[in-house]
Amino acid sequence: MGLMSKLGFSHLFNRIFRKKVSRIGIYGPPNAGKTTLANRIVRDFTGDAMGPVSPVPHETRRVRRREGVQIESNGSKVKLDVVDTPGLATKIDFHDFMAFGMTEDEAKRRAKEATEGVIEAVKWLDDLDGVILVMDATEDPYTQVNVTVIGNMEARKLPLLIVANKIDLPTASPARIHSAFPQHPMVPISALAGQNMDMLYDKIADRFG
Ligand SMILES: Nc1nc2c(ncn2[C@@H]2O[C@H](COP(=O)(O)OP(=O)(O)OP(=O)(O)O)[C@@H](O)[C@H]2O)c(=O)[nH]1
Ligand SMILES: [Mg+2]
């Protein structure tokens with residue numbers, strides 16, 4: 001990590017000199033669909049994929065980065081480094097993984113890696129130009145993780161875009177997310193089904209371009 005970012009100046013520097021690439025972190029609780037979204041963004045604009053997806057929480061346990069993804073929307077272009085991060089959680093219990101059929105050893109290893117992943121994800125906040133916070137729209141948005149990420153972004157003055165994911169599911173309520181955090185822009189999508197992706201790319205170009 002460079003001296004500039006250690007001192008917290010890199011974002012300011014990028015704003016003033018309009019650095020061409022924006023490094024955007026995809027954050028959120030486990031299972032919200034961060035990697036599904038990262039895969040779709042990277043696939044739409046490069047044809048590649050980013051990482052494995054799973055219904056078992058804490059599938060992503062290391063930060064993954066894809067550099068130089070050029071997003072085009074409505075004539076505006078923005079170049080992103082897309083950073084997919086491990087799910088943030090306040091409690092990681094290996095018993096939860098055993099319910100998915102893992103042995104105790106496997107579950108304990110996953111819990112340890114998931115904890116290290118949370119720390120790595122938080123460290124990455126120092127080095128970003130913006131954050132996409134992914135929430136599962138079928139769940140209560142007013143959680144410690146979401147409130148903490150949003151408070152952190154506000155303190156750092158980093159641009160934030162909230163994604164209300166899984167709107168293909170009948171119990172999804174993007175309106176509930178909007179009323180919990182009305183001060184931030186929100187885009188309702190299904191990363192799995194590819195619903196509203198154009199709307200998301202417009203907002204990304206608008207917010208991070
Ligand atoms: N119905 C529905 N399911 C989704 C959607 N997006 C992701 N999922 C499912 O949600 C589960 C978790 O998806 P991931 O992309 O692995 O979630 P993640 O946020 O990266 O999870 P971690 O890496 O564990 O933090 C998988 O079973 C996905 O298929 C969506 O838009 N709709
Ligand atoms: Mg993931």
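Each chain has its residues counted from 1, following the order in which its sequence is written. For this description, chains carry letters from A and ligands carry numbers from 1, given in the order in which they are written. With the structure being a predicted model, the display of local features is reserved for residues of pLDDT at least 70 and the display and counting of side-chain atom pairs for 80 or more, all residues being used for whole-chain, interface and lining totals.

(A) Structural detail: the site of ligand 1. In this analysis a residue is considered near a molecule or strand if the C-beta atom, reconstructed from its backbone, is found within 6 Å of that molecule or strand. Looking at ligand 1, there are 24 residues lining it, with Gly33, Thr35, Thr60, Gly87 and Leu192 nearest. Only DSSP runs of H or I reaching four residues or more are called helices, and only runs of E reaching two or more are called strands; each is numbered from the N terminus. It is helix H3 (residues 34–46) that contributes the most residues to the shell around ligand 1, three residues altogether. Amino acid classes used here: Ala, Val, Leu, Ile, Met, Phe, Trp, Tyr, Cys and Pro are nonpolar; Asp, Glu, Lys and Arg are charged; the rest, including Gly, are polar. The class makeup of the residues in the shell around ligand 1 is nine nonpolar, eleven polar and four charged.

(B) Expanded view of helix H6 (residues 144–156). Here H6 is 13 residues long and its end C-alpha atoms lie 18 Å apart, about the 18 Å a rise of 1.5 Å per residue gives. Of the residues making up H6, those classed as buried are Asn146, Val149, Ile150 and Met153. Along H6, the residues classed as buried sweep out an arc of 95° about the axis, all on the same side. Exposed residues on H6 whose side chains face more than 90 degrees from its buried face are Gln144, Gly151 and Ala155. Expected helix span is given by 1.5 Å per residue-to-residue step, counting one fewer step than there are residues. Exposure classes come from backbone-placed C-beta atoms, where a residue is buried if 20 or more other C-beta atoms lie within 10 Å of its own, exposed if 12 or fewer do, and partly exposed in between. This arc is taken over the directions from the axis of the helix to the C-beta atoms.

(C) Local environment of the sheet that holds strand E1 (residues 21–27). Within the open sheet, the six strands sit side by side as E2-E3-E1-E4-E5-E6. Their pairing is mixed. Of all the strands in the sheet, just strand E2 (64–73) and strand E6 (186–188) have a single pairing partner and so form its edges. Averaged over all adjacent pairs, the angle separating strand axes in this sheet is 25°, with direction ignored. Strand pairing is assigned whenever DSSP detects at least two bridges linking the two strands. Where E1 meets strand E4 (residues 130–136), four bridges bridge the pair, whose relative direction is parallel. Residue pairing for E4: Ile26 is matched across the bridge by Ile132. Every angle, taken between N-to-C directions, lies between 0 and 180 degrees, and every axis is a line fitted to C-alpha atoms, over only the stretch in contact when it is a helix.

(D) Quick peek at the nonpolar core. Working definition: the nonpolar core is a set of buried Ala, Val, Leu, Ile, Met, Phe, Trp, Tyr and Cys residues, joined through C-beta atoms within 7 Å. Among the nonpolar cores identified, the biggest contains 44 residues, and Val82, Leu133, Met135, Ile162 and Val163 are the most heavily contacted of them. Working definition of a contact: two residues with C-beta atoms, positioned from the backbone, lying within 7 Å. Beyond its immediate stretch of four places on either side in the chain, Val82 contacts Ile24, Ile26, Ala38, Ile41, Val42, Arg66 and Val69.

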